[in-house]
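Structure assessment
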Amino acid sequence: MCGIVGVYRVDPGGLGQVATACALVNNRGHEAVGIAGYGTGTSDFFLQPGYVRDACAASCRPWTYFVEQTTEHRINQWLGHTRYKTVDAAGAGLGQPLRGHNPRFGEFHLVHNGQLPDHVADREVLSANYRFTSASDSETLVARIALSPATTLADAMAEIVRDVPGGYALIAMTKSEMVAATDRYWTRPLMVSIADDQICFASERAALPNGSAEIKALSKGTLGIARRTGGQVSWEERPVITDTPRAHCIWEGFYFGRPDQPMDGHVAHEFRMALGAALMQAMPSTEVDFWCGVPETGNESGLGLATALNQPFYLAAIIKNWYLTQARAFMLPDQRSREAKVRQKYTISDLVAGKRVGVVDDSLVRSTTARVLTQMLFDAGATEVHWRIAAAPIVAPCFTGIDIPTFEELAAAGLPPADVNAIVNGMIGATSLYYLPLATMVEVANRFDQGWCTGCFSGQYPPGLVPGELVQLAHQA
Ligand code: SF4
């Protein structure tokens, strides 16, 4: 999962705009930020590890150099990317945009959010005619575009939507056009704003400009094409595959997306509150002195549960140390760094001393956060710690964009459903733990939007999204 943005303008400028847009999708990945621009016949490129705010600081020499270059070359179209690696861990510094060249339509850049489960087989075929420089799955898309017989970038992107399974949202550009694409299930989100003087794309609504522009989600299996005609930009929406059921990643709603991300007339925050409220039916009556959440998304579901129960909710029981770190521990690449990050990331307040504490989190993947926080809560004097998880047990890997690649890493994988609450509670050492049942989770999700992928909760992936042998593996778990 990554954050991607595209800005396509009539007039030169917009570097600050694309940098800000990248910062507004930094929640989706913070291993590297990359920006590419095209202007008066010139391309340029900027890539730094870490957060956008650090990479684009006035004190950062590569950034100041990039600002000079882009001004000189009158850049007016941009791609931006914030990286969260799922493939090619060794290349953690490898960010995007990626660059390629097609003999018919020339140089292009591409940014990719998602994961291509079939990329190894694809690479074998493509490598007969293309020299790969990384193990990144995204580079297979660059190879496909570079080798495409199509005469335009848009036609080459249509081939990808038609032929490549997996979950993805893409934006690519040549010096004349910018083309965005969504996979046939709309697994990954892509929003677009359309105005006379600029067309912008972003993984999240918050990264698009406010004002008079039309703002909407790019539909599943569809291309969005921006071109310049006269003194205006023109917009074309080209459906490629539309006869597939929608299967949006349910994680986008309860965890990954920002709380203000639209959900069919609602926003993600309302969904998270409702998941928390639904926990009320999923657990036996529990005596606690107050409820709290694991910041940030756990707070939203925790507030939903406490509100439904009409019981106290404390925002300041588990404090996230914003000025020390903003990293999502779940997104770090190894177990040791994840555990250290949890201890660094949170402080437990004295509010918990002598109290029975109910803690809500949005999900439980490897159990790292719950285990370390349970210990920290008891160390701070809590007499009981009751965990409530506002999602179902995660029992199978994701092959299309979230870094939960093996069964061994998943706390709940392979456990008998009747005992999963007790066994996982034993792993984290709390007083009690209850998950939200999957059927309840889906019922709540369907109140907010229709058509969800729940593969990592059920082992059932949308047909065709994941190659057969990987589905087989998930069923054997
Ligand atoms: S398997 Fe899970 S994480 Fe992956 S797309 Fe489906 S719901 Fe999202």
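Our subject in this report is the structure included herewith. (Residues numbered from 1 in each chain as written. Predicted model: local features only at pLDDT ≥ 70, side-chain atom pairs only at ≥ 80, totals over all residues. Heavy atoms only, no water.)

1. Overview of the overall build of the protein chain
Counting secondary structure elements, the protein chain contains 15 helices and 23 strands. Relative to the 2.2 N^0.38 estimate, which gives 23 Å for 477 residues, the radius of gyration of the protein chain is 23 Å and therefore close to what a compact globule would have. Expressed as lengths along the three principal axes of its C-alpha atoms, the size of the protein chain is roughly 70 × 50 × 40 Å. Within the protein chain, the proportion of its 477 residues that are buried is 60%. Of all intrachain contacts in the protein chain linking residues separated by at least 6 positions in sequence, the fraction that spans at least 24 positions is 68%. Accessible area of the protein chain: about 18,000 Å², with a carbon and sulfur share of 52%. Taking the average location of the 38 positive side-chain charges in the protein chain and that of its 47 negative ones, the two points are 3 Å from each other. (Helix = DSSP H or I, 4+ residues; strand = E, 2+ residues; numbered from the N terminus. Rg over C-alpha atoms; globule rule 2.2 N^0.38 Å. Buried < 20%, exposed > 50% of the residue type's maximum accessible area, 1.4 Å probe, protein only. Contact = heavy atoms within 4.5 Å. Areas by Shrake-Rupley, 256 points an atom, 1.4 Å probe, with all protein chains shown as cover. Lys, Arg positive; Asp, Glu negative; His and termini not counted. Charge placed at Lys NZ, Arg CZ, Asp CG, Glu CD.)

2. Details of unusual backbone geometry
Looking along the chain, the bond that leaves Gln96 and enters Pro97 is cis, with omega of 10°. One can find Pro97 in the loop between strand E4 (77-82) and strand E5 (98-102). Here Pro295 and Glu296 are connected by a cis peptide whose omega angle stands at 0°. Mapped onto the secondary structure, Glu296 falls in the loop between strand E17 (290-293) and helix H9 (297-309). Even without being glycine, Asp264 reaches a positive phi, approximately 45°. Structurally, Asp264 can be placed in the loop between strand E15 (262-263) and strand E16 (266-267). For Asp264, a relative accessible area of 59% corresponds to the exposed category.

3. Comments concerning the pairing of strand E13 (residues 232-239)
Here eight bridges tie strand E12 (residues 222-229) to E13, and the two strands are oriented antiparallel to one another. Within E13, the residue paired with Arg227 across the bridge is Ser234. Linkage of E12 to E13, two consecutive antiparallel strands, is achieved through a turn of two residues, within which Gly230 is found at a positive phi near 60°. (Pairing = 2+ DSSP bridges.)

4. Things to note about the sheet that holds strand E8 (residues 177-182)
Working definition: the strands of a sheet are paired by backbone hydrogen bonds and lie parallel or antiparallel to each other. Read from one edge of the open sheet, six strands run E5-E6-E7-E8-E12-E13, paired in antiparallel fashion. The sheet is open, and its two borders are formed by E5 and E13, each paired with just one other strand. Taking each pair of neighbouring strands and ignoring which way they run, the sheet shows an average axis angle of 20°. (Axes fitted to C-alpha atoms, helices over the stretch in contact; angles between N-to-C directions.)

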